[in-house]
Amino acid sequence: FSMSFDGVFNVAPQFDCSIKDWIRISETPDGFWYRANDFPINWLSNNLYPHSDSVCVGGGFYTHQMTNKREIIEGKLTKPLIADHHYQFSIYVQLFDKIPWNDVGKIAGSNSFSAVFTNSVIAYTDLPNYTPQVQINTMVTDTLNWVLLQDTFMANGGEQYISIGNLKPDSLTQFQLVKTINASLPEISYYFMDDVSLIDLDDTTSGTEQIANSIRQITIYPNPAKESIVISSMSLVNTIEVTDLLGQKQNIIVERLTTNDLQLTTNNLPSGIYFIKVTDLKGDVSVVKFVKE
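We now turn to the structure provided with this report.

Conventions and cut-offs
Residues numbered from 1 in each chain as written. Predicted model: local features only at pLDDT ≥ 70, side-chain atom pairs only at ≥ 80, totals over all residues. Heavy atoms only, no water. Core = buried A, V, L, I, M, F, W, Y, C linked by side-chain atoms within 4.5 Å. Buried < 20%, exposed > 50% of the residue type's maximum accessible area, 1.4 Å probe, protein only. Helix = DSSP H or I, 4+ residues; strand = E, 2+ residues; numbered from the N terminus. Contact = heavy atoms within 4.5 Å. Polar contact = N/O pair within 3.5 Å; in protein donor to acceptor, adjacent residues only side chain to side chain. Pairing = 2+ DSSP bridges. Axes fitted to C-alpha atoms, helices over the stretch in contact; angles between N-to-C directions. Phe/Tyr/Trp six-rings, centres within 6.5 Å; stacked < 30°, edge-to-face > 60°.

Details of the nonpolar core
So, point 1. Counting residues in hydrophobic clusters, the biggest one holds 38 residues, and the most contacted among them are Phe89, Phe96, Phe117 and Ile164.
So, point 2. Contributions of two or more residues to this core are made by β2 (55-63), β4 (86-95), β6 (113-118), β7 (134-136), β8 (147-154), β9 (161-165) and β11 (187-200).
So, point 3. With seven residues, the top contributor of residues to this core is β11.
So, point 4. Beyond its immediate chain neighbours, meaning those up to four positions away, Phe89 contacts Ala115, Phe117, Val134, Ile136, Leu149, Gln150, Asp151, Ile162, Ile164, Val196, Ser197 and Leu198.
So, point 5. If you look at the next biggest cluster of nonpolar residues, it comprises 16 residues, including Ala225, Val242, Val278 and Phe290.

Okay, here's the thing in structure tokens:
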């Protein structure tokens, strides 16, 4: 399964919920929809566009206002996890780069990204009583690019709800100062999140093995783009197709930079949202979105 937070999550074996079902108010996690005046999210970021589609979410991983205060997003799986199956969890995150509040003055990255899978709905206040199946201890300080985080775990079986956030207490979370706006005020750690995926690595009957091999095999930068965009692929590229939101193909000049990197000239494209479809020599397909400024 692979999903963004756009509309109904319809690609997969594990999730099927709308944005309103996904976000659960633990404190006040935020949903951001792509509309003409909404992106970049000027009150929280100068740079942010959703990693794909038109929606992403955001939440606080640390705040000075209350000890161990967190914002947690939660959702229901379309079917329970299977006992003794191995699952690959992925999420894209990006640290915010602006402070709109008058009681904080510093931006800090953190190193705790957790996901808990449970058999029943639980109150967010009970989350400290659970050991996360996914605990990614990577320090993320990037305010310009989406960062991919991944981990694998084995299911006990029956889990059908997921909670995502920083589930470590403040005392066990490491923080790294990224930007000081007002040195006299405390710091905060707030992340945007998009394109969560959960893949059953032991499922060979529903096509997830192919998904596991092909999903997110390419990265692009810069995004948004102006004159050109670089595609970095984990496998040898056979064909590239660029389409607009209406599915119309665009004429693009492609130049190979290295064995796995290609450059697309985008200066002839009107401003807007486009999709790059990449097919490798094995026939696996990956699709990513980019914004042309």
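We are not done yet, so read on.
A few points about the environment of Asn166
So, point 1. On the secondary structure map, Asn166 appears in the loop between β9 and β10 (175-180).
So, point 2. Looking at Asn166, the relative accessible area reads 1%, which means it is buried.
So, point 3. Between the alpha carbons of Asn166 and Phe113 there is a distance of 5.1 Å; along the sequence they are 53 residues apart.
So, point 4. Contact partners of Asn166, with chain neighbours within four places excluded, come to Phe61, Arg70, Ile72, Ser112, Ser114 and Thr173.
So, point 5. Here the side chain of Asn166 touches Ser112 through a polar contact of 2.6 Å, side chain to side chain.
So, point 6. Within polar-contact distance, the side chain of Asn166 engages the backbone nitrogen of Lys168 at 3.0 Å.

Details of the sheet that holds β6
So, point 1. A sheet is described by the order of its strands in space; here four strands give the open sequence β3-β9-β6-β7, paired in antiparallel fashion. Each edge of the sheet is formed by a strand with only one pairing partner; in this case those strands are β3 (73-76) and β7. Strand-to-strand, the axes of this sheet are offset by a mean angle of 10°, without reference to chain direction.

Comments concerning the packing of aromatic side chains
So, point 1. Summed over the entire model, instances satisfying the criterion amount to 11 aromatic pairs.
So, point 2. Measuring from centroid to centroid gives 5.5 Å for Phe96 and Tyr190, while their planes differ by 50°, and the two rings are tilted. Here Tyr190 lies in strand β11 and Phe96 lies in the loop between β4 and β5 (106-110), a separation of 94 residues in the sequence.
So, point 3. When the centroid spacing of 5.6 Å and the interplanar angle of 25° are considered together, the rings of Tyr274 and Phe290 count as stacked.

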